[in-house]
Structures are given as structure tokens and as C-alpha cells.
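# Understanding the architecture of this molecule
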Amino acid sequence: SSLLALVFIFVGHFASAQPKPFSPTSLLSQGSIYQWTGENGLISNNITSAIQSSEGFIWITTYNGIMRFDGNRIVVYDRLTLPFLETDAFYQVYEDYKGVLWFASQGSGIVLYKNKKFELLETTGEKVPKSVRSLFIEDNGIVWIGSNNEGLYKLNQDDELVKVKAGVIDDIGILDIAKDANGKLWIATDGKGLFSYDGSAFKRFDQGTGLLSDNVNTLAISKEGTVYVGGADGLNVIKDEKVSAFNSLLNIPINDLNIDEEGRKWVATEN
């Protein structure tokens, strides 16, 4: 998913990587809105992802490198500062339960930021795909890796990387990965629809079973186990294996989905 600029909503002053919380029940009029673009500090307006880490910094990925923002100053990390990078392009940033940041890149595999240093992920077994589109990091240390046109990989706790070999997904791009409360993995693909994986078998959902599009960009799963599927032509809902469509978003590309602590669904659209 892409954002055209970086917009933050704050209550009070944001500085030194110590933001004050903005309550989900607060009105937008109670906060202040600041916008940063390529004209006032960003290296690119084409932002691919952004998170606030446990340390308070905003970490931003772009096709022109990584940015770290503390509310006042932006620090850029690219091939000039990280010579081991093959390209400056990054798709996503994630944080694990230990506070380690994982960057999914286009050309450099997976880049880690831990102990205040950047490094490439090193594994045994299979090689890390050069282009990684998505990750799902479990609290037990297992990491599921969605590659660009090379299928699904599983990184075990001992850093052994294994390719999940199943003909249906071996050579596809995986754009998002999520897991429900029953331990079932959900896999959003670029052109092959959506798959669920219970550890032994894959089940496919596509236009023939009710998906609005076989190009699935993003997933979100509620505490109750309802799966929200954002694709090129709108939003689907899967509950008890039954697929339905959210009619008010038909034919609108969905780039990102999120469910907040209050259970509300946030939908980022293309237009």
C-alpha cells in the first residue's frame, strides 16, 4: 500500500520520541494535524509503510530508503549509509515482541534493526528471498515470510528457514499474512486469491467462491475470527468460511486494513 504523504495527529507536543497518547474516543478536533512531504523533510512522498516502535520513534519505509522520525528530525538510511543494501526499496516494517524491527525489502531480503544496529537476516537452510513483500511474526519466535513470486517461507526459532512447499503457492507473490485465534494462517496473494493454511492443507478462496478480486492486498482478523479481505475491487468478509462483500466499497481498491482496540475497522482506499 502507498501513502502520498505522512500525516500525524497529536494531542499536545510531540518531541524526543515521547508522544502523548491520542485516545481512540477523542475527536479529531481535539488534536493537531501535521503533514510532512518531500518539500519539508521526507525523502519521498511514496510511503509504503509506517509504524511507531516501542521506543517511540516513527519508522517509515519508502522506495528510496528508510526514515526514522522523532517528531523533529528525520534520519535517512539507504545505500549510502547501509552499504550492504542491494536497492533502497522497502515494502514494510514490523516490530517483534523483543523490540527488534524487521524490514521487508525489494532486493535485499530482510533487514533487521536490533541493539541500535542494522544487519541482514542470516539463516540456515533455505536462502532468504531477495524480494520480501510481507511478514507475520509470532510471539513464539516463528516468522512467516511472504516473498515476491517465490511463495511462502517459515523461519523457525533456531533461525532455520524452510520453504513451505505446496504447488498452489510455490511461485506467487504474497502481499499479506495473518493468523486467526485458532492458529490458521491466512495468505493474501497477488493474483491467486486468498489461501487459508491449517499447517497441513491449503484452502483457496477466489472469485469463483465469492471474492471480488483475486488480487488481495491486505488482511485483518477480528477477535471473533472474522476475516476482512481488502482487494483490488473492494472489501470482502469471511465468517465461518462463508464469503460476503461489503457493498458500499464495491470497485474501490483497498490498500490497507486495521482493527483497533475498540474493534473498529479502518479501511485505507486507493482513491
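Just so we're clear, the structure is a prediction, and the values are computed from it rather than from any experiment. (Residues numbered from 1 in each chain as written. Predicted model: local features only at pLDDT ≥ 70, side-chain atom pairs only at ≥ 80, totals over all residues. Heavy atoms only, no water.)

Each helix and strand counted, the protein chain has zero helices and 25 strands in total. For 271 residues, the compact-globule formula gives about 18 Å, and the C-alpha radius of gyration of the protein chain, at 19 Å, lands near that figure. Taken over the C-alpha atoms alone, the protein chain extends approximately 50 × 45 × 30 Å along its principal axes. Taking all 271 residues of the protein chain together, the buried fraction comes to 46%. Across the protein chain, every contact between residues at least 6 apart in sequence was considered, and the portion connecting residues at least 24 apart equals 42%. Summed over its atoms, the accessible surface of the protein chain is roughly 13,900 Å², and 46% of this surface lies on carbon and sulfur atoms. (Helix = DSSP H or I, 4+ residues; strand = E, 2+ residues; numbered from the N terminus. Rg over C-alpha atoms; globule rule 2.2 N^0.38 Å. Buried < 20%, exposed > 50% of the residue type's maximum accessible area, 1.4 Å probe, protein only. Contact = heavy atoms within 4.5 Å. Areas by Shrake-Rupley, 256 points an atom, 1.4 Å probe, with all protein chains shown as cover.)

Further remarks concern unusual backbone geometry. Positive phi, close to 70°, is recorded for Asn-149, a residue that is not glycine. Looking at where Asn-149 falls in the secondary structure, it is placed in the loop between β13 (143-147) and β14 (152-155). Phi angles above zero are rare outside glycine, and Asn-251 is one such case at about 65°. Relative to the helices and strands, Asn-251 resides in the loop between β23 (242-245) and β24 (254-259). The class for Asn-251 is exposed, based on a relative accessible area of 62%.

Bringing the sheet that holds strand β12 (residues 132-137) into the picture now. In a beta sheet, neighbouring strands are held together by backbone hydrogen bonds and run either parallel or antiparallel to one another. Pairing is mixed across the open sheet formed by five strands, whose spatial order is β11-β15-β14-β13-β12. This sheet does not close on itself; its edge strands, each paired only once, are β11 (124-125) and β12. Here β12 pairs with β13 via five bridges, running antiparallel. Pairing of Leu-135 across the sheet is with Ile-145, part of β13. (Pairing = 2+ DSSP bridges.)

By the definition in use, this model includes 15 aromatic pairs. Between Trp-36 and Phe-69, the aromatic rings sit 4.8 Å apart at their centres with planes inclined by 65°, giving edge-to-face as the arrangement. Residue Trp-36 is found in strand β2 (residues 32-36), and its partner Phe-69 is found in strand β5 (residues 65-69); the two are separated by 33 residues along the sequence. Of the aromatic side chains, those joined through ring pairs into one cluster are Trp-59, Tyr-77, Phe-90, Phe-103, Tyr-113 and Phe-118. Over the ring of Phe-57 we find Arg-68, and its NZ or CZ is 4.5 Å from the ring centre. Note that Arg-133 overlies the ring of Tyr-91, its terminal NZ or CZ placed 4.2 Å from the centroid. (Phe/Tyr/Trp six-rings, centres within 6.5 Å; stacked < 30°, edge-to-face > 60°. Lys NZ or Arg CZ within 6 Å of the ring centre and 35° of its normal.)

Turning next to the pairing of strand β19 (residues 202-205). Taken together, the four bridges between strand β18 (residues 194-197) and β19 define a ladder with antiparallel strand orientation. Bridge assignment links Leu-194 to a residue of β19, and that residue is Phe-205. The antiparallel hairpin formed by β18 and β19 contains four residues in its connecting segment, where Gly-199 sits at a positive phi of about 100°.

The next subject is the sheet that holds strand β17 (residues 185-189). Overall, antiparallel pairing links the four strands, which are arranged β16-β17-β18-β19 in an open sheet. Looking at the sheet topology across the chains shown, the edges are occupied by β16 (174-179) and β19. Neighbour-to-neighbour, the strand axes of this sheet turn through a mean angle of 20°, independent of strand direction. Note that β17 and β18 share four bridges and pair antiparallel. (Axes fitted to C-alpha atoms, helices over the stretch in contact; angles between N-to-C directions.)

Structurally, Thr-189 is set in strand β17. A distance of 3.0 Å separates the side chain of Thr-189 from the backbone nitrogen of Lys-192, its partner in a polar contact. (Polar contact = N/O pair within 3.5 Å; in protein donor to acceptor, adjacent residues only side chain to side chain.)

Time to look at the pairing of β13. Walk down a regular strand and you will see the side chains alternate between the two sheet faces. With respect to burial, β13 is a largely interior element, five of its five residues being buried. Side-chain alternation along β13 places Val-143, Ile-145 and Ser-147 on one buried face and Trp-144 and Gly-146 on a second face that is also buried. Adjacent in sequence and paired antiparallel, β12 and β13 are bridged by five residues, among which Gly-141 carries a positive phi angle near 100°.

On average, residues of the protein chain score 90 in pLDDT, and 92% of them reach the 70 mark or higher. This model gives residues 9-18 a pLDDT under 50, and the stretch forms 28 contacts once residues within four places in sequence are excluded. (pLDDT = per-residue confidence, 0-100.)

Tracing the backbone through its elements, the reader meets Asp-78 in the loop between β6 (74-77) and β7 (90-95). Given a relative accessible area of 14%, Asp-78 falls into the buried group. Residues Asp-78 and Met-67, eleven residues apart in the sequence, show an inter-C-alpha distance of 8.8 Å. The contacts of Asp-78, once residues within four sequence positions are left out, are Asn-64, Gly-65, Leu-85 and Asp-88. Within the structure, Asp-78 has its side chain in polar contact with the backbone nitrogen of Leu-80 (distance 3.0 Å).

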